[in-house]
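Observations on chain architecture
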Amino acid sequence: MTSLIEQAKQKAAYQAVDEHVLPTHRVIGVGSGSTVVHVVARLLQRDPELNAKTVFIPTSFQSRGLLLDGGLTVGDVEQYPDIDVTIDGADEVDAQLNAIKGGGAAHLQEKVVAEAAKKFVIVADYRKDSKVLGEQWLKGVPVEVVPFAWRAVLKKLQAQGSNDAKLRMAVAKAGPVVTDNGNFIIDAPFGLIKDPVKCLRDIKLITGVVEVGLFCNMAEVAYFGCEDGSVTIRTK
Ligand SMILES: O=C[C@H](O)[C@H](O)[C@H](O)COP(=O)(O)O
């Protein structure tokens, strides 16, 4: 039995692929996380001849694996800096389509692949749908940092008001989470983030920060799978 949450993720992902991945598209960005599993599943249901003419740009070790396991052709942004559309999950999305991402520590590559796309589409379940960031995602803003700078960055984040900022620790490994890019992650809660652009700028200006998991003014549309089986679409 698929859970309500899994069904919601699947509905949102399938509808977003159906409405935004067009037969004319040749380069598709694919985000990371558990909702994106359904995005790839839907891509694999397309006409195999169409998929054979398309290159898919992953955003993490995880999404690269999903694409390769499906027999799809993968590329990178160095080869394909012009992407037709990128579809990705999110940890939380506000009323203006700003998003927190990086719960899986993949937001650096995700942001590059989203910004390289003509259109950025978010897919999520109902738990991620908020008016203001910080309402439901309480773990904080994921901040990727250069390892040697982590303690200095942590102190700056605390000085910016994130008293509970913490280095993200690994689960099945002693020590910190190490990202696909060889960096560390600090999770920095800021309570309700009423001005995500300012929060993003302030954090990004700390030397040693590689990327911030705040995606502001990037998404054109978000698909939320709801508990009742419907899909809510929010556009800019
Ligand atoms: O780093 C991970 C990504 O930003 C994911 O897209 C985000 O955490 C959402 O993942 P999920 O679909 O598993 O909730």
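Residues numbered from 1 in each chain as written. Predicted model: local features only at pLDDT ≥ 70, side-chain atom pairs only at ≥ 80, totals over all residues. Heavy atoms only, no water.

**A look at helix 7 (residues 196-204)**
When we look at burial in helix 7, the residues that qualify are P196, C199, L200 and I203. For helix 7, the angular spread of buried residues about the axis comes to 100°, placing them on one side. Lining the buried residues of helix 7 we find helix 5 (107-115), strand 8 (141-145), helix 6 (150-159), strand 11 (209-212) and strand 12 (214-215). (Buried < 20%, exposed > 50% of the residue type's maximum accessible area, 1.4 Å probe, protein only. Helix = DSSP H or I, 4+ residues; strand = E, 2+ residues; numbered from the N terminus. Arc of directions from axis to C-beta. Contact = heavy atoms within 4.5 Å.)

**Considering the sheet that holds strand 12**
Strand order in the open sheet made by the three strands is 5-6-12, with antiparallel pairing throughout. Only two strands of the sheet have a single neighbouring strand rather than two, namely strand 5 (92-93) and strand 12. Note that strand 6 (residues 99-100) and strand 12 share two bridges and pair antiparallel. Bridge pairing in strand 12 links I100 to L214. (Pairing = 2+ DSSP bridges.)

**Here's the deal with the site of the ligand**
Lining the immediate environment of the ligand, one finds 16 residues, of which S32, S34, T35, D91 and E110 sit closest. S32 places a polar main-chain atom, nitrogen or oxygen, 2.7 Å from an oxygen atom of the ligand. Here D88 contributes a side-chain N or O atom positioned 3.3 Å from an oxygen atom of the ligand. In isolation the ligand exposes 370 Å². Once the protein is present, 90% of that is buried. Placement of the ligand is best described as lying within the largest pocket. A per-class count over the shell around the ligand returns three nonpolar, eight polar and five charged. (Near = heavy atom within 4 Å. Polar contact = N/O pair within 3.5 Å; in protein donor to acceptor, adjacent residues only side chain to side chain. Areas by Shrake-Rupley, 256 points an atom, 1.4 Å probe, with all protein chains shown as cover. 1 Å grid on protein atoms, 1.4 Å probe; cavity = no way out; pocket = protein on both sides within 12 Å on 5 of 7 lines; lining within 4 Å. Sits in = over half its atoms within 2 Å of the grid points. Nonpolar A, V, L, I, M, F, W, Y, C, P; charged D, E, K, R; others polar.)

**Brief notes about empty space enclosed by the protein**
Gaps left between atoms are located by rolling a probe of water-molecule size over the structure's atoms. Taken as a whole and judged by the stated rule, the model has one cavity of 30 Å³ or more. Roughly 30 Å³ of volume is contained in the largest cavity. Every residue along the wall of the largest cavity is listed here: T59, A105, A106, H107, L108, Q109, E144, T179, D180 and N181. Here the element with the most residues in the lining of the largest cavity is helix 5; it accounts for three residues. Per-class residue counts for the lining of the largest cavity are three nonpolar, five polar and two charged. (Points joined across faces, edges and corners; volume = space filled by probe spheres on them.)

**As for the sheet that holds strand 8**
Here we have four strands laid out as an open sheet, ordered 9-10-8-11, and antiparallel in their pairing. With one partner strand each, in any of the chains shown, strand 9 (166-167) and strand 11 form the two edges of the open sheet. Pairing of strand 8 with strand 11 involves three bridges; the strand directions are antiparallel. Each residue of the ladder has a partner; that of E144, found in strand 11, is E211. Contacts from helix 5 reach strand 8, strand 10 (184-188) and strand 11, with the element oriented near 65° to strand 11. Seen against the sheet, helix 6 touches strand 8, strand 9, strand 10 and strand 11 and runs at an angle of roughly 15° to strand 10. (Axes fitted to C-alpha atoms, helices over the stretch in contact; angles between N-to-C directions.)

**Some words on the domain arrangement of the chain**
When cut into domains, the chain gives domain 1 (4-131 + 216-235) and domain 2 (141-212). Between domain 1 and domain 2, the C-alpha centre-to-centre distance is 24 Å. Between domain 1 and domain 2, the residue contacts involve 16 residues of the former and 16 residues of the latter. Counting each side, the surface lost to burial between domain 1 and domain 2 is near 1200 Å², with a carbon and sulfur contribution of 61%. Together, H107, L108 and K111 form the three largest contributors to the area buried by domain 1 at its contact with domain 2, with a combined 41%. Put simply, domain 1 and domain 2 have one salt bridge between them. (Domains from an automatic or database assignment. Buried area = accessible area lost by both parts, 1.4 Å probe. Salt bridge = Lys/Arg side-chain N within 4 Å of Asp/Glu carboxyl O.)

**Structural notes on the packing of aromatic side chains**
Counting across every chain of the model gives one aromatic pair. Seen in terms of ring centroids, F120 and F215 are 6.2 Å apart; in terms of plane orientation they differ by 35°. Their pairing is tilted. Of this pair, F120 sits in strand 7 (residues 117-125) while F215 sits in strand 12, and the two are 95 residues apart along the sequence. One exposure class covers both F120 and F215, and it is buried. The ring of F215 has K101 sitting right over it, with the charged end atom 5.5 Å from the ring centre. (Phe/Tyr/Trp six-rings, centres within 6.5 Å; stacked < 30°, edge-to-face > 60°. Lys NZ or Arg CZ within 6 Å of the ring centre and 35° of its normal.)

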